Amino acid sequence: MTKKVRVRFAPSPTGGLHLGGVRTVLFNYLFAKKHNGDFIVRIEDTDQARYVAGAEEYIFDCLEWCGLHPNESVAHGGPYAPYRQSERKDSYKKYAEQLIKDGHAYYAFDTTEELEAMREKLKAKGSNSLQYDHRIRMEMNNSLRLLPEETQQLLDTNTPYVIRIKINPNESVSFTDMIRGDINFDTNYVDDKVLLKADGMPTYHLAVVVDDYLMKISHAFRGEEWLPSAPVHILLWKYLFGLHEMPQWAHLPLILKPDGNGKLSKRDGDRLGFPVYAMDWKDPKTSEITKGFKELGFLPEAFINLLAVLGWNDGSEQEIFTMEELIDKFSIERVHKGGAKFDFEKAKWFNHEWIKKLAVDSYMMTVKQLFVQKGVKNIDEGKLTKVIELVKDRCTLLTDFWEQGHFFFTPPKTFDEASIQPKWDEGKKEFFNVLMSKCADVQIWDAVAIENVFKTLATEKKLKIGELQMIFRIILVGTKMGPQVFAIAETIGKQETTDRINNALHHFYF
Ligand code: GLU
């Protein structure tokens, strides 16, 4: 590689960030880091009709959460600013006009009605393509058909126009995709795409080529849905800058529905009950909130890991990768050509593995926030860390820490009486009464000491330890769940343990 590696993620700010989008960012990012290159985020907002307020900030929040930090962007600045295409509007027109001068593009003045009539006409002819292309363009209202003075007159009278690329038929256009190898296109099937719109904004086709050139992009990785546009882009590169300047391209495979039947969409997520967006997205028009992986309780490390292996592997059986390992091992050539099925159960497995693997400190604050939201006050972070250590093996999502750990902070309001009742008698009642006073005498309040006191007393009273432990657990937790009961008692402390026994004894009426 001779050129400095410069890659870009080029989202259109139109709504929530789909996990496929994050995977595109990730592959760009890994490639840049591996080759000591730059990772650029460029906002492609030339389609004003699809623009959604707030979507841009949201994209940067998602990248921040994922730990995918751009070197250059709207938010981070950089030598090729502005990084928002709407602010670069003036730089595109001259390229479109250059193409006209060189005979590779033309002005088209067709109205919506004329375009509709064209499609009707093609339909009536039984044509299987309704595109604006070499077959029909000489019948349309454009500078190819009009006399130069007619065109000039229309321009002088400010008649609205678009600029279209002129695709020559019977040519073959090819390039080598880093994932898919050699790809050829027959220009007979390529339409004369609009390059510059009537509002003076470029379309994606013109803007992506011009900006990839001006921003010195060396490699462009984008979704496979852009493959059909590749011939237009290749021709633009050829006409404007020379093919040797064109970045190397890779078209990334789709992320598929769990059954492999088509692209995974937001609707599939709603239907099957899992998120497809990185973070919660609130539609500014409808206020509808679409759930994200973050808020559902995913760790960014797990999210990145599960996305990395959706369509890529390093050739071994390894599944858990840190970002550093991914940077080290990633190669775009090992990305599969075929789409990757999304499996939410597997996604949760990754999160569980990462909850166990990561140092508790790295996500304690997130769990704390969750507990605060649930109404717990004055949380001692040392205690919370201990709680997380005790229950983390039982948690798949960060939100599970509430279910698994709330009783360390809030005493149970109800008890699993159905489990206690058959085992309850005067002997047990007396046991717990005595246990309270024995607890008061324990000097060093830890699980071993508590277990000792508990078991000695049980043996003395000739009671079954298993039954007592089950009841003790329900007294402390309310249910039969949770980690080792003496560890629970240690963590909630001596006073709280005695209070909970006392409270339970008053509560039980059997
Ligand atoms: N703006 C395009 C999109 O949102 C970018 C495609 C590309 O990376 O070239 O999909």
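Data block above holds the structure.
Overview of the structure. (Residues numbered from 1 in each chain as written. Predicted model: local features only at pLDDT ≥ 70, side-chain atom pairs only at ≥ 80, totals over all residues. Heavy atoms only, no water.)

Neighbouring residues of the ligand: Arg8, Ala10, Ser12, Glu44, Tyr204, Val208, Arg222 and Trp226. Arg8 has a polar side-chain atom sitting 2.8 Å from an oxygen atom of the ligand. Separating an oxygen atom of the ligand from a side-chain N or O atom of Trp226 is a distance of 3.1 Å. In isolation the ligand exposes 300 Å². Once the protein is present, 82% of that is buried. Residues that form the shell around the ligand fall into these classes: four nonpolar, one polar and three charged. (Near = heavy atom within 4 Å. Polar contact = N/O pair within 3.5 Å; in protein donor to acceptor, adjacent residues only side chain to side chain. Areas by Shrake-Rupley, 256 points an atom, 1.4 Å probe, with all protein chains shown as cover. Nonpolar A, V, L, I, M, F, W, Y, C, P; charged D, E, K, R; others polar.)

The biggest cluster of nonpolar side chains holds 117 residues, and the ones touching the most others in it are Phe342 and Phe432. Top contributing element to this core by residue count: helix H1 (residues 19-34), with nine residues. Excluding anything up to four places from it in sequence, Phe342 contacts Leu19, Ile255, Leu256, Lys257, Pro258, Leu264, Phe274, Phe293, Leu306, Leu310 and Ala347. Among the nonpolar cores identified, the runner-up in size contains 39 residues, and Ile183, Val190, Ala230 and Leu235 belong to it. (Core = buried A, V, L, I, M, F, W, Y, C linked by side-chain atoms within 4.5 Å. Buried < 20%, exposed > 50% of the residue type's maximum accessible area, 1.4 Å probe, protein only. Helix = DSSP H or I, 4+ residues; strand = E, 2+ residues; numbered from the N terminus. Contact = heavy atoms within 4.5 Å.)

Turning our eyes to something else, we now look at the pairing of strand E2 (residues 38-41). The alternating pattern of E2 places Asp38 and Ile40 and Phe39 and Val41 on opposite faces, both of which are buried. The parallel pair strand E1 (residues 6-9) and E2, bridged by H1, forms a crossover whose chirality is right-handed. (Right-handed = clockwise from strand over helix to strand, strands pointing away.)

Here we have three strands laid out as an open sheet, ordered E3-E4-E7, and antiparallel in their pairing. Strands with a single pairing partner mark the edges of an open sheet, and in this sheet they are strand E3 (105-108) and strand E7 (194-196). When strand polarity is set aside, the average angle formed by the axes of neighbouring strands in this sheet is 40°. The pairing of E3 with strand E4 (residues 162-165) spans four bridges and is classified as antiparallel. The partner of Tyr107 across the bridge, within E4, is Ile163. (Pairing = 2+ DSSP bridges. Axes fitted to C-alpha atoms, helices over the stretch in contact; angles between N-to-C directions.)

On to the pairing of strand E9 (residues 248-252). With four of its five residues buried, E9 lies for the most part within the structure. By the bridge criterion, five bridges tie strand E8 (residues 219-223) to E9 in an arrangement that is parallel. Among the inter-strand pairings, His219 is bridged to a residue of E9, identified as Gln248. Read as a crossover between parallel neighbours, the route from E8 over helix H7 (residues 230-240) to E9 is right-handed.

This paragraph deals with the packing of helix H10 (residues 300-308) against helix H12 (residues 344-357). In the contact formed by H10 and H12, the axes pass within 8 Å of each other and the chain directions differ by 135°. Taken together, H10 and H12 sit at an angle that is classed as oblique. As for how H10 packs across H12, the hand of that crossing is right-handed. Note on element contacts: H12 touches H10 through Ala347, Phe350, Asn351 and Trp354, opposite Glu301, Ala302, Asn305 and Leu306. Class assignment of the residues belonging to the contact of H10 with H12 gives a composition of five nonpolar, two polar and one charged. (Parallel < 35°, antiparallel > 145°, perpendicular 65-115°, else oblique. Left-handed = near helix turned anticlockwise from the far one by under 90°.)

We now examine the environment of Phe454. Mapping Phe454 onto the fold places it in helix H18 (residues 447-461). Classification of Phe454 as buried rests on a relative accessible area of 0%. Between the alpha carbons of Phe454 and Leu63 there is a distance of 51 Å; along the sequence they are 391 residues apart. The residues contacting Phe454, other than those within four sequence positions of it, are Phe431, Phe432, Leu435, Ile465, Leu468, Gln469, Phe472 and Phe486.

Let us now look at helix H14 (residues 381-391). Every buried residue of H14 is accounted for by Leu384, Val387, Ile388 and Val391. Angularly, the buried residues of H14 cover 100° about the axis, an arc narrow enough to put them on a single face. Buried residues along H14 sit against helix H13 (361-373), helix H15 (400-405) and helix H20 (485-492). Put simply, Asp380 is the residue that caps the front of H14, since its side-chain oxygen is 3.0 Å from the backbone nitrogen of Gly382. (Arc of directions from axis to C-beta.)

Below, the discussion takes up the side chain of Asp192. Along the polypeptide, Asp192 turns up in the loop between strand E6 (181-186) and E7. Judged by relative accessible area, Asp192 falls into the buried class, the value being 0%. A polar side-chain atom of Asp192 sits 2.6 Å from a polar atom in the side chain of Tyr106. Among all residues touching Asp192, those that are not within four sequence positions of it are Tyr106, Tyr132, Asp133, His134, Arg137, Arg164, Ile165, Lys166 and Ile167.

Turning to the packing of aromatic side chains, a few remarks are in order. Applying the stated criterion across every chain, the model contains 40 aromatic pairs. Consider the rings of Tyr107 and Tyr161, whose centres lie 5.0 Å apart with planes at 85°: the pair is edge-to-face. Of this pair, Tyr107 sits in strand E3 while Tyr161 sits in the loop between helix H5 (148-156) and E4; the two residues are 54 residues apart in sequence, bridging distant segments of the chain. Note on accessibility: Tyr107 and Tyr161 belong to one class, buried. Aromatic rings pair up to connect Phe415, Trp424, Phe431, Phe432, Phe454, Phe472, Phe486 and Phe508 into one cluster. Between the NZ or CZ atom of Lys357 and the centre of the ring of Trp354, over which it lies, the distance is 5.3 Å. (Phe/Tyr/Trp six-rings, centres within 6.5 Å; stacked < 30°, edge-to-face > 60°. Lys NZ or Arg CZ within 6 Å of the ring centre and 35° of its normal.)

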